[in-house]
Every structure is written in C-alpha cells, then in structure tokens.
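# Close look at the chain arrangement
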Amino acid sequence: MTTAPARGAAWRSLIALYFGLAVVLTAAHGYAVNYGPNQKLRQERHERLARGGGEAPWAYRVLSPAVSRATGAALAPALSRPEDRREVGYLLQRFGFTLAFFLMFHRIIEVWLPSAWALAGVAIAAALHGPASSHYWFQPDSPGDLALWAAAALLSLRGRGLWIAPLIALGALNRETAVFAAPIHLALVWGTEPRARSLGRTAALLACWALPTLALRAWIQPSGWAGGQGWSGALQENLGHTEWWLYALSFGGAWLWLPLRALPALPPPLKRLIFALIPYLGLVLVFGRLRELRLLLPLTLAFVPAALWTLRAQLEGEGTAVARP
C-alpha cells in the first residue's frame, strides 16, 4: 500500500514531468505557429479583435486576446517589441492551460485505472499535441477549451458540479464549445444522484453558458464569416477533401477505434462520456476543417481513458470483462 509521503513524492515527480512536457510543447508551438510564417496575419487578427471587431466566430472569442493584451502590458518593461508582448501573452496562456490539462487528465484517468496507466494516457495526449499544431495560425482559444472540458470532468467525478458554473461562463467568452462542459457533467453524474437534480444542474450550467454567449452576439457585430463562407461552405470543403479525412483518421488511430470495439464492456460513465462528445464531431464536420487536428484533440478526454481501459483488460486476459462502475 502506498503511503501518503510516497504518494506526495510521486506527485511532485509527476508535476515536474508534466511541467517539462508543457514547456517543450509550448516552445514548439511558439516556433511553428506564434513565430511562424504568418506573423503579419496574426498581428492583423489580434488587432481587429482588440478593437472589438473582426470576422465570426473569432470576433466573439474575446477572452484569450484580452488576457494576452493584459499580460503583454505587464511584461512591457522586459519585452520591447510589440510582437513579443503579444505572442508571449498567448504562449503563457498555452503553457498554463496545457499543464493544467495534463494534471487534471491524470486524475481523471485514475478514476478507472492505476497511476501508471494514467501516466501513459497523459503521454498519449502530449504526443498528439505535435500534429495538432498543424494547418492553422491563430486559434489561441483551443488549449483553454481543452482545460475547461477536463475541469468539468474532474469536478463532476468529485461531486463538485456547481464549481463548473463560473468556469463555463468564462469559457463562453473564450470559445463556443465551452457548452460541452454541461453534457460532460451530465454524462459523469448520471445515476449517482436523483435524475431531477442532475438535469436541473445541467440546465443551470447551460444557462451560465448561454447568457454570456448571447450577450457577446448582441454586443459585437462581426464583419462577416471567417474565410467568407458559412457552415455550408465548411461542410462542402470537408466533404471534398479526401486527404483531410485520411489525415484525421491517421491522427485518431487506435485511441479512437479501440474503445469503440469494446463499447459494451466499458465502465458506464466512460461510455456515456463518449456518447456525450459524439455531437462535437458533427460540429467539427459542419463548422471546422478536418485537417486542423487541434479540433479533434478534446476527444482524448473520453477516448484515451476508454482505449487504455480496453487495452488493460486485453493485456490482463479479461477480454470483455464486466465494466467497473
């Protein structure tokens, strides 16, 4: 049995490891994207957002640019170039959210699997961050959205669902898909309490998302839709590029299809979590670009723990073992 001091020492080591992973992934993103070949485009979009305008949906995603501006202003004495103040502000956010996701994701996986398997799950998620940085140049809200989803899952598993309310309200200022914090919560608490209580709390979380979302749309008037096309154009673009589908499927690999093969045997909360995130795939298809693999990264929240649970059952000879609660 692991003692408390040993457990504490192990967690200090894990924090150091995840800190290092977050640093190197943030640095790699900085070289490839923040200081990549589209610096001028990044500056133009950032400045339009700072003026409260720009194209939809970026015009409604006000939180990350605002934090970047505040951070840049605080660092102005140490950073003389405006582009450094802007990009370091974004990179510090990326680092903080990435580290927070790793720590929370480890705790989430530990609900169903031993710590060594949780470490493996975080390592898989970290490895996927590299290809997830391809084919885009200004979407600073993605790491915050991923951290929000993880926070919603962890708080739900620990019976602290009300704490999600302020997080989902803040998340709505950052990205529309913050709304998935609500179905994530419902999937993980369903059956652990009276259904009316679960549904009522989920409805309250949806209201906490809807109020700032609608307020932003009443306040901000975008100059048009990004890329000059709406949802139909994005859908046609996705359907017309076979190579994008192959790229996305290669990204998903075993961590997506492995749990689907063993879906009936999964622990019920994990199974519900997978179903809760299926609509997100539809949104990616209609509003996103499949070649932007960052859009698929949030699916790791459900599919990586499910894949590891399935793999452990197979390695230990349990086959289609009865799911644990």
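Presented here is an overview of the structure given in this document. (Residues numbered from 1 in each chain as written. Predicted model: local features only at pLDDT ≥ 70, side-chain atom pairs only at ≥ 80, totals over all residues. Heavy atoms only, no water.)

### Describing the nonpolar core
The nonpolar side chains of a soluble globular protein tend to be buried with one another. Residues Phe105, Ile184, Phe251 and Leu301 are the most contacted members of the largest nonpolar core, which totals 71 residues. Counting residues per element, this core draws most heavily on helix α6 (residues 142-157), at 10 residues. (Core = buried A, V, L, I, M, F, W, Y, C linked by side-chain atoms within 4.5 Å. Buried < 20%, exposed > 50% of the residue type's maximum accessible area, 1.4 Å probe, protein only. Helix = DSSP H or I, 4+ residues; strand = E, 2+ residues; numbered from the N terminus.)

### As for empty space enclosed by the protein
One simple way to see leftover space: roll a probe sized like a water molecule over the atoms. Summed over the entire model, instances satisfying the criterion amount to 3 cavities of 30 Å³ or more. Volume-wise, the largest cavity comes out at about 90 Å³. Lining the largest cavity are 13 residues, with His29, Asn34, Tyr90, Arg94 and Pro140 sitting closest to its centre. If you list the elements that add at least two residues to the lining of the largest cavity, you get α1 (4-34) and α4 (82-110). Among the residues making up the lining of the largest cavity, the classes are represented as 7 nonpolar, 4 polar and 2 charged. By volume, the second largest cavity is sized at about 40 Å³. Taken together, Leu49, Trp58, Arg61, Ser64, Pro65, Phe138, Gln139, Pro140 and Asp141 form the lining of the second largest cavity. A class-by-class count of the residues in the lining of the second largest cavity yields 5 nonpolar, 2 polar and 2 charged. (1 Å grid on protein atoms, 1.4 Å probe; cavity = no way out; pocket = protein on both sides within 12 Å on 5 of 7 lines; lining within 4 Å. Points joined across faces, edges and corners; volume = space filled by probe spheres on them. Nonpolar A, V, L, I, M, F, W, Y, C, P; charged D, E, K, R; others polar.)

### A closer look at the pattern of salt bridges
The tally for this structure, following the rule as stated, stands at 15 salt bridges. The salt bridge partner of lysine 40 is glutamate 44, with a shortest N-O separation of 3.5 Å. Placement of the pair is lysine 40 and glutamate 44 together in helix α2 (residues 39-50), with a separation of 4 residues, close to one helical turn. Exposure remark for lysine 40: the relative accessible area of 59% places this residue in the exposed category. A salt bridge links aspartate 141 to arginine 175; the shortest N-O distance between them is 2.3 Å. Of this pair, aspartate 141 sits in the loop between α5 (115-129) and α6 while arginine 175 sits in the loop between α7 (164-172) and α8 (181-189), and the two are 34 residues apart along the sequence. Aspartate 141 sits in the buried class, given a relative accessible area of 4%. Exposure remark for arginine 175: the relative accessible area of 6% places this residue in the buried category. (Salt bridge = Lys/Arg side-chain N within 4 Å of Asp/Glu carboxyl O.)

### Some remarks on the packing of aromatic side chains
Scanning all chains against the criterion turns up 10 aromatic pairs. Arranged with centres 5.1 Å apart and planes meeting at 80°, the rings of phenylalanine 19 and phenylalanine 95 form a pair that is edge-to-face. Of the two residues, phenylalanine 19 sits in helix α1 while phenylalanine 95 sits in helix α4, which places them 76 residues apart along the sequence. Taking the relative accessible area as the measure of exposure, phenylalanine 95 reaches 19% and is therefore buried. Ring geometry for phenylalanine 101 against phenylalanine 102: centres 6.1 Å apart, planes inclined by 50°, an arrangement best described as tilted. Residue phenylalanine 101 is classed as buried on the basis of its relative accessible area of 1%. Given a relative accessible area of 0%, phenylalanine 102 falls into the buried group. By way of ring pairs, the aromatic residues Tyr18, Phe101, Phe102 and Phe105 are connected into one cluster. We note arginine 294 situated over the ring of tyrosine 136; from NZ or CZ to the ring centre the distance is 5.3 Å. (Phe/Tyr/Trp six-rings, centres within 6.5 Å; stacked < 30°, edge-to-face > 60°. Lys NZ or Arg CZ within 6 Å of the ring centre and 35° of its normal.)

### Observations concerning unusual backbone geometry
Each neighbour pair has its own omega, and for alanine 56 with proline 57 the value is 5°, a cis peptide bond. Relative to the helices and strands, proline 57 is located in the loop between α2 and α3 (63-74). In this structure, histidine 135 is a non-glycine residue whose phi angle is positive, near 65°. By the element assignment, histidine 135 lies in the loop between α5 and α6. On the basis of relative accessibility, which here comes to 41%, the residue histidine 135 falls in the partly exposed class.

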